[in-house]
Amino acid sequence: MSQPALDHLIPQLLERVNLVDIISQDVRLKQNGNNWVGLCPFHSDNKPSFSVSPSKGLYYCFGCQAGGNALSYMKEARGLSFVESVQELASMSGMELPDDWNRGAARWKEHREKKDLMFEVNELSMLWFAAQLRASHGGPAREYLKGRALDAEHAATFGLGYAPPAGGLHRELSRQGKSTVIAIELGVLWQGRDDPRKVGDRFRGRLVFPIRDLSGHVIGFSARALEPDQQPKYINSSESLVFHKGDMLYGLWEARDGIRKSGYAILVEGQMDVIALHRAGLSNAVAPMGTALTENQVRLISRFTDRIVLMFDGDEAGCKATDKALKVILPSATRGTVVSLPAGEDPDSILASEGAAHLRGLVERGVPFLEWLVRLIAGRAEDSMSGRAAAMRDGGTYAGALLDEMERTQFLEQLAQTIGMEMHGHGVSRMARPRRRGSAAAEKSRSAGKNELDIVALLIKYPTLLRRVQEMDTTLEAQFNGVIARLIQRLLDQYEETGRVVPATLGDGDDAGELREILALADYDVSDEEAEAALEAKLRKLQRDRLKGRKEELLRRHRDAEQQGEVESLVQLGEELDEVLRALRAQSEIDRN
């Protein structure tokens with residue numbers, strides 16, 4: 001089925017289904033105004049934080065931030081594939097699916113069946129590796145685990161196993177009738193380049209760590225060398241249909257509940273560090289897959305929390321890894337702390353030498369990201385004018401990744417003070433300008449105010465009012481907070497293309513979590529006759545608030561320029577301030593009339 005046809009089919013389907021009826025099969029819902037509320041099916045909920053909006057066709061949990069439409073509910077709550085979800089919803093609503101959908105569904109079924117075969121091979125491999133760890137020849141791996149103070153319970157929790165030097169997985173998979181081709185594609189078996197008939201075990205003489213996705217499927221493995229002369233130290237599964245190491249974090253399946261309960265994730269370097277923290281009672285630890293942290297991995301963490309604790313090894317390489325990680329984390333608006341470990345130490349060694357309480361104390365005493373960066377940049381700055389200038393330029397690179405203007409300015413001012421460099425207020429403001437971000441950056445907006453939420457609610461309920469937004473003499477980005485501007489643009493695009501607005505189709509993409517929260521919060525009742533006047537009043541208030549905020553910023557910069565004697569800046573800022581004040585007076589005149 002073509003994408004345009006699919007884009008037409010899905011809104012039709014979502015408009016026909018009754019989301020309250022669907023979710024009521026799993027959750028006891030109670031009506032609360034225009035919405036229905038109940039205990040969230042996605043996390044341990046003891047008070048109704050789960051809200052369902054039948055008019056928008058959306059659900060949202062204010063506790064764990066799970067949200068979406070009927071399709072996402074069928075996938076997340078009932079474990080159905082996309083195709084299965086569409087077919088089930090069509091059956092519920094009595095909607096007949098077109099023939100080309102059924103042809104596409106057949107291709108999707110083939111794709112799904114291949115993934116299922118891959119999951120089966122990986123699951124069977126994990127069970128075989130675990131059995132080898134328990135067997136008599138698993139002694140070397142058990143001795144290694146004993147030396148790391150890791151007991152059988154934790155080994156079982158993480159599904160650890162052993163790949164003996166003699167192999168045997170190939171024979172086991174063949175005995176079970178599993179596809180050798182699939183196993184080679186997954187990277188648990190190898191195939192000779194010159195002679196394809198030569199096939200054997202890829203992991204030998206190694207401790208094996210299974211990797212699970214967020215549905216609990218085993219998607220790959222990481223195998224650690226047990227002998228000092230074994231190279232490389234770690235071998236990962238091959239990239240495949242189910243495994244992409246830059247998109248997954250080790251231990252996230254095991255840590256997901258711990259992250260939700262604690263409100264933050266601890267990011268460490270390796271698998272043994274993850275397990276060490278779990279042993280210390282910190283069940284919210286995860287690790288990248290032997291590579292530098294990626295944007296996709298940060299985005300994955302942000303589905304559970306907006307706080308990260310970085311705990312990398314206490315050596316120069318660990319410091320560099322922390323620095324690189326922060327360059328990826330800062331643009332995402334995720335916040336957190338850095339735990340600086342003593343030189344030569346890692347979480348596992350500290351747990352062994354100092355104990356669990358000491359390790360937990362280090363986490364509690366972490367240094368905020370920006371404060372750690374100030375110390376890092378100041379520590380490597382040369383004690384000269386050019387060295388301090390280079391440090392400020394270095395700081396400007398990090399500041400450009402921050403979304404909040406005040407945070408950017410405070411960071412640079414603290415850095416300047418730490419390295420002993422005087423910075424004029426206007427100079428700091430120039431350095432604190434945000435850099436342009438590509439579409440891959442996980443950009444987050446400032447939190448939306450109630451006035452903007454009311455505007456969104458009016459535009460959803462009365463889409464003909466979107467024409468008023470199109471008539472505005474400035475861009476959406478200039479008038480609205482980032483996520484609101486993007487949402488309104490989607491409303492405009494959908495209305496222009498289809499002549500209607502279907503809110504249930506709008507909460508997708510990298511900013512899905514934010515959009516769903518905005519859609520859940522946007523709730524404003526007004527009569528049909530008053531809708532247009534209400535929108536006009538709210539747009540005027542929006543403009544007035546923006547002008548007031550701009551006025552305060554200009555007044556602050558004007559005071560700084562006055563103190564520093566920056567005449568040119570004073571003239572320019574004075575002209576801008578006069579323009580803003582004139583606009584505010586014009587707004588007041590309109591409001592009076």
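All values reported here derive from a predicted model rather than from experimental measurement.

Scanning the chain from terminus to terminus reveals 26 helices and 16 strands. Its C-alpha atoms give the chain principal-axis dimensions of about 90 × 75 × 50 Å. Counting every position in the chain, which comprises 593 residues, the buried fraction comes to 48%. In the chain, once contacts between residues fewer than 6 apart in sequence are set aside, the share between residues at least 24 apart is 65%. Summed over all atoms, the accessible surface of the chain reaches about 29,300 Å², with 47% contributed by carbon and sulfur. Looking at charge distribution, the chain has the averaged site of its 77 positive side-chain charges lying 3 Å from that of its 87 negative ones.

Here the focus is the sheet that holds strand β2 (residues 35-38). Read from one edge of the open sheet, 5 strands run β1-β2-β3-β4-β5, paired in antiparallel fashion. Here the strands that pair on one side only, and so sit at the sheet edges, are β1 (30-32) and β5 (67-68). Strand direction decides the pairing type here: strand β3 (residues 50-53) and strand β4 (residues 58-61), joined by 4 bridges, are antiparallel. From the neighbouring strand, F50 faces β4, where its bridge partner is C61.

All right, on to the layout of surface pockets then. To find leftover empty space, a probe the size of one water molecule is rolled over the atoms. Each pocket or cavity is described by its volume, and for the second largest pocket that value is around 590 Å³. What lines the second largest pocket is a set of 28 residues, among which E269, G270, D273, G290 and D313 lie closest to the centre. Those elements giving two or more residues to the lining of the second largest pocket turn out to be β10 (218-225), β11 (234-236), α11 (271-279) and α13 (316-329). Examining the composition of the lining of the second largest pocket, we find that 6 residues originate from one element, α13, more than from any other. Here the lining of the second largest pocket is composed, by residue class, of 12 nonpolar, 6 polar and 10 charged.

The subject of this paragraph is the nonpolar core. L160, I266, L310 and F411 are the most contacted members of the largest nonpolar core, which totals 102 residues. If we ignore the near neighbours within four places in the chain, the residues touching I266 are L277, L282, N284, A285, V286, V309, M311 and V363. Judged by nonpolar contacts, the second largest core, of 66 residues, contains A90, V456, V501 and V502.

Time to look at the packing of aromatic side chains. Applying the stated criterion across every chain yields a total of 11 aromatic pairs. Judged by centre distance (6.3 Å) and plane angle (55 degrees), the ring pair of F42 and F50 falls under tilted. Each of the two residues, F42 as well as F50, counts as buried. Ring geometry for F42 versus Y73: centroids 6.1 Å apart, planes at 80 degrees, classification edge-to-face. You can see F42 sitting in the loop between β2 and β3 and its partner Y73 sitting in helix α3 (residues 70-78), a full 31 residues away along the chain. No difference in accessibility class separates F42 from Y73, as the two residues are buried. The ring of W253 has R256 lying over it, and the distance from NZ or CZ to the ring centre is 3.6 Å. Directly above the aromatic system of Y524 lies the positively charged group of K538, at a separation of 4.8 Å from the ring centroid.

So, about helix α23 (residues 482-498). Over its 17 residues, α23 runs 24 Å from end to end, which matches the ideal 24 Å to within 8%, given 1.5 Å per residue. Those residues of α23 lying buried are V483, I484, A485, L487, I488, L491, L492 and Q494. Downstream of α23 by one or two residues, G499 has phi in the positive range, about 75 degrees.

What follows covers helix α6 (residues 139-147). For α6, the complete set of buried residues consists of G139, A141, Y144 and L145. Of the residues one or two after α6, A149 is the one with positive phi, at around 55 degrees.

Below, the discussion takes up the side chain of T305. Mapped onto the fold, T305 is located in the loop between α12 (295-301) and β14 (307-310). Only 2.6 Å separates the side chain of T305 from the backbone oxygen of G263, close enough to count as a polar contact. Polar side-chain contacts of T305 include one of 3.1 Å to the backbone nitrogen of R307. Ignoring anything within four residues of it in the chain, the contact list for T305 reads I259, G263, Y264 and A265.

For the rest of this paragraph, the subject is the environment of S222. Considering the arrangement of structural elements, one finds S222 in strand β10. Take S222: its relative accessible area is 1%, and that puts it in the buried class. Ignoring any residue separated from it by four or fewer positions in sequence, one finds S222 in contact with L207, V208, F209, I211, Y234, I235, N236, Q271 and M289. One polar contact links S222 to N236, side chain to side chain, over a distance of 2.9 Å. A distance of 2.7 Å separates a polar atom in the side chain of S222 from a polar atom in the side chain of Q271.

A word on the pattern of salt bridges. Under the defined criterion, the tally for this structure stands at 23 salt bridges. Among the ionic pairs, E120 bridges to K178, the shortest N-O distance being 3.1 Å. Remark: K178 occurs in the loop between α8 (169-175) and α9 (180-186) and E120 occurs in helix α5 (residues 99-134); sequence separation between them is 58 residues. One salt bridge connects D394 with R380, and the closest N-O pair in it is separated by 2.7 Å. Placement of the pair is D394 in helix α17 (residues 385-399) and R380 in the loop between α16 (369-379) and α17, with a sequence separation of 14 residues. What makes D394 partly exposed here is its relative accessible area of 23%. Since its relative accessible area comes to 43%, R380 is described here as partly exposed. One network of salt bridges, in which partners are shared, links R148, R279 and D348.

Here is what the cut-offs are and how they apply
Residues numbered from 1 in each chain as written. Predicted model: local features only at pLDDT ≥ 70, side-chain atom pairs only at ≥ 80, totals over all residues. Heavy atoms only, no water. Helix = DSSP H or I, 4+ residues; strand = E, 2+ residues; numbered from the N terminus. Buried < 20%, exposed > 50% of the residue type's maximum accessible area, 1.4 Å probe, protein only. Contact = heavy atoms within 4.5 Å. Areas by Shrake-Rupley, 256 points an atom, 1.4 Å probe, with all protein chains shown as cover. Lys, Arg positive; Asp, Glu negative; His and termini not counted. Charge placed at Lys NZ, Arg CZ, Asp CG, Glu CD. Pairing = 2+ DSSP bridges. 1 Å grid on protein atoms, 1.4 Å probe; cavity = no way out; pocket = protein on both sides within 12 Å on 5 of 7 lines; lining within 4 Å. Points joined across faces, edges and corners; volume = space filled by probe spheres on them. Nonpolar A, V, L, I, M, F, W, Y, C, P; charged D, E, K, R; others polar. Core = buried A, V, L, I, M, F, W, Y, C linked by side-chain atoms within 4.5 Å. Phe/Tyr/Trp six-rings, centres within 6.5 Å; stacked < 30°, edge-to-face > 60°. Lys NZ or Arg CZ within 6 Å of the ring centre and 35° of its normal. Expected span 1.5 Å × (residues − 1). Polar contact = N/O pair within 3.5 Å; in protein donor to acceptor, adjacent residues only side chain to side chain. Salt bridge = Lys/Arg side-chain N within 4 Å of Asp/Glu carboxyl O.

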